[in-house]
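# Summary of the model geometry
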Amino acid sequence: MIIPIGHEEDSVRRLPWVTFGVMLLCLAGYLGVGLAESGGPSLEETYDHAWEAFEYYLEHPYLTLDPTLAESGFGGMSELERESLLEAYRSEFPPPDDSQQRLEEQRELDRLTERALANVREHPYQRWGLVPAEWSALTFLTHMFLHGGLLHLLGNMLILYLAGPFIEDVWGRPLFAAFYVIAGIVAALAFLIPNADSTIPMIGASGAIAAVMGAFLIRYWNTRIKFFYIFGLIWRGTFSAAAWVMLPLWFGEQLFMAAMTSSGGIGGGIAYWAHVGGFAFGVAAALAIRHWRIEERYIEPTLEGKIHTTVVDNAALDRALAASAAGSTERALELLAAQCRAQPGNHDVALAYWGVAVEAGRAAEAAPAVVGVVRDELRGGHHELALDHWSELVEHAPHAPVDAEVLIRIAQAAVRAGNPAGATPVLRRAMLEGGTSMPATMALRIARLASGLDANLARGAARLALTRPDLGPHEREQAQQLLA
């Protein structure tokens, strides 16, 4: 078993309210099903009644079985497998010679079937799940917030928590909310089309979450994802791999299982075609957004305004700039420093403070504000702008303190921009800033980045990672390879 537990993207600019809202709705759906079951037959009792009726049929295979119960009982079997099974039971349980006895047995099967189906029809899964043979527009939406047990819920919410906030952060709340709902509908259609006659409901958020995974693949292609694995009772540990490696492997597995399982890609209670359809939609949506530069042209300008200028005191900024123009540099710096403290995320104020401080030869005072700007620009994907501001910072305040995490991101941006030579000194500085207390995963990231730039630096970072007790077995193997 392999479970994702984290990745390198560890922060967002705003609280992901849409993602949290989806999680709360899923929790409410789970609790609602539990409440409904407390006032009627539980899911286990419903299955018991259905199995009792189906078991009675297997002991009397010459009787007529309701198609809905047959689909449930023989689910996952091909027509040939079903007939082979029934042939074996018919040879063991031949029909009685007494027609009256056979009639009474049919009545008993009908009674058991009716009791089972009555419970099924009243269950929330049947009423609010997506039943292909009896679908409604509402159930295309409601099925996404129901789950078949606590593990089903927790598994889906873990994946959503790992991927959703980061897509919501770069796409904005309205677009992400629309994307999530449409993705759930597209995934449901991918399940419904090959299962048009099925009476088995589909429930769960996994189709929509698969779309979020597809979008994450495109938007965070090189991000390394950390996994926990356990095989048997002995083999366990963690490892990390790039999104472009692991997510396509997962998609390939879902596509293979969808093709191999019968009943339109349903196997073991898993709607594989919903996963395939959702993931493909997520990839397509992310590629379209990238192609038309929707983030850069529409989303980011709006987000910047909401994130950095929600409460902007333009009068104070104007007074500071006027003081600077009049030669009152000290007064301008005081006003701008106060504004930076009041609005730590306001880029306009921070850059104005930096500009005045540089002209006054006091760049070190405003350096922390510019570091914050660079950090936000890297998170928002504005790598070129971040590198420009970083160059200014190095030129005018070369000794300003910078967090090692920010330095690693700057180095990554430099490599992406085709300037690997510029990344090397930044990685050396990250090593110095992190020191011996640097987390193992951070040291290993430096080692990986430096492996194609500076062999000595890569070995030094790998050696530091190997000294850390929190290094997992897989990461330890990678560090040893880099050290060698």
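To keep things clear, this report deals only with the structure shown in the data block. (Residues numbered from 1 in each chain as written. Predicted model: local features only at pLDDT ≥ 70, side-chain atom pairs only at ≥ 80, totals over all residues. Heavy atoms only, no water.)

## Here's the deal with the packing of aromatic side chains
Note the cut-off: Two rings belonging to Phe, Tyr or Trp (six-membered ring only in the last case) form a pair when the distance between their centres is within 6.5 Å. Interplanar angles under 30 degrees mark stacking, angles over 60 mark edge-to-face geometry, and anything in between is tilted. Helix and strand assignments come from DSSP, with helices taken as H or I runs of at least 4 residues and strands as E runs of at least 2, each series counted from the N terminus. Three labels apply to residues, based on accessible area from a 1.4 Å probe with only protein chains included: buried if under 20% of the type maximum, exposed if over 50%, partly exposed otherwise in between. Counted as over-ring charges are cases with an Arg CZ or a Lys NZ within 6 Å of the ring centre that also lie within 35 degrees of the ring normal.
Using the criterion set out here, one finds 17 aromatic pairs in the structure. Taking the centre distance of 6.1 Å and the plane angle of 85 degrees together, the rings of tryptophan 17 and phenylalanine 20 count as edge-to-face. With tryptophan 17 and phenylalanine 20 both in helix α1 (residues 17-38) and 3 residues apart, this pair spans about one turn of that helix. We classify phenylalanine 20 as partly exposed; its relative accessible area is 27%. These aromatic residues form a ring-pair network of at least three members: Trp171, Phe176, Phe179, Tyr180 and Phe281. Positioned over the ring face of tyrosine 220 is arginine 219, at 5.3 Å from the centre of the ring.

## Thoughts on the sheet that holds strand β2 (residues 224-231)
Where we set the bar: Should DSSP find at least two bridges between two strands, the strands are taken to pair. All axes are obtained by fitting lines to C-alpha atoms, using only the stretch in contact for helices, and the reported angles, taken between N-to-C directions, cover 0 to 180 degrees. A contact between two residues is defined here by any heavy atoms of the two lying within 4.5 Å.
If you trace the 3 strands from one edge of the open sheet to the other, you get β1-β2-β3, paired in antiparallel fashion. Two strands in the sheet have a free side with no partner beyond their single neighbour: β1 (2-7) and β3 (235-242). This sheet shows a mean twist of 25 degrees between the axes of neighbouring strands, independent of strand direction. Summarising the sheet, β2 and β3 pair through 8 bridges and their orientation is antiparallel. Looking across to β3, one finds that lysine 226 is bridged to serine 240. Packing against the sheet, helix α11 (residues 243-260) makes contact with β2 and β3, and its axis sits at approximately 110 degrees to β3. The sheet strands contacting helix α24 (residues 473-483) are β2 and β3, and the helix crosses β3 at an angle near 55 degrees.

## Quick notes on the pattern of salt bridges
The test is simple: Should a side-chain nitrogen of Lys or Arg be within 4 Å of a carboxyl oxygen of Asp or Glu, the pair is scored as a salt bridge.
Throughout the structure, instances matching the rule amount to 13 salt bridges. The shortest N-O distance in the salt bridge between arginine 428 and aspartate 454 comes to 2.7 Å. Here the residue arginine 428 occupies a position in helix α21 (residues 420-434), and aspartate 454 occupies one in the loop between α22 (440-450) and α23 (455-466), the gap between them amounting to 26 residues. Using a relative accessible area of 15% as the deciding quantity, one classes aspartate 454 as buried.

## So, the layout of surface pockets
Our working rule: Here a cavity denotes a set of grid points, spaced 1 Å apart and computed over the protein atoms alone, in which a 1.4 Å probe fits but from which it cannot get out, and a pocket denotes an open set meeting protein on both sides within 12 Å along at least five of seven lines; residues with an atom within 4 Å of a point are reported as lining. Grid points are joined across faces, edges and corners, and a volume is the space filled by probe spheres set on the points. Classification convention: Asp, Glu, Lys, Arg as charged; Ala, Val, Leu, Ile, Met, Phe, Trp, Tyr, Cys, Pro as nonpolar; all other residues, Gly among them, as polar.
Taken as a whole, the second largest pocket encloses approximately 1,000 Å³ of empty space. Taken together, 34 residues form the lining of the second largest pocket, with Arg219, Tyr220, Asn222, His383 and Arg416 sitting closest to its centre. Sorting the residues of the lining of the second largest pocket by element identifies α10 (206-219), α13 (272-291), α14 (294-308), α18 (363-379), α20 (404-416) and α22 as the ones contributing at least two each. Broken down by element, the lining of the second largest pocket gets its largest block of residues, 5 residues, from α20. For the lining of the second largest pocket, a count of residues per class yields 13 nonpolar, 7 polar and 14 charged.

## Details of α18
For the α-helix, the turn length of 3.6 residues means that residues three or four positions removed from each other point alike. As a reminder, the rule being used: Helix span is expected to be 1.5 Å times the residue number reduced by one. What the bend at a residue measures is the angle between two axes, fitted to the seven residues ending there and to the seven starting there.
The terminal C-alpha atoms of α18 lie 24 Å apart, and with 17 residues this matches the ideal 24 Å at 1.5 Å per residue to within 8%. Maximum bend of α18: about 30 degrees, positioned at alanine 369. With respect to burial, α18 is a largely interior element, 12 of its 17 residues being buried. Taken together, the buried positions of α18 are Ala363, Ala366, Ala367, Ala369, Val370, Val371, Gly372, Val373, Val374, Asp376, Glu377 and Leu378.

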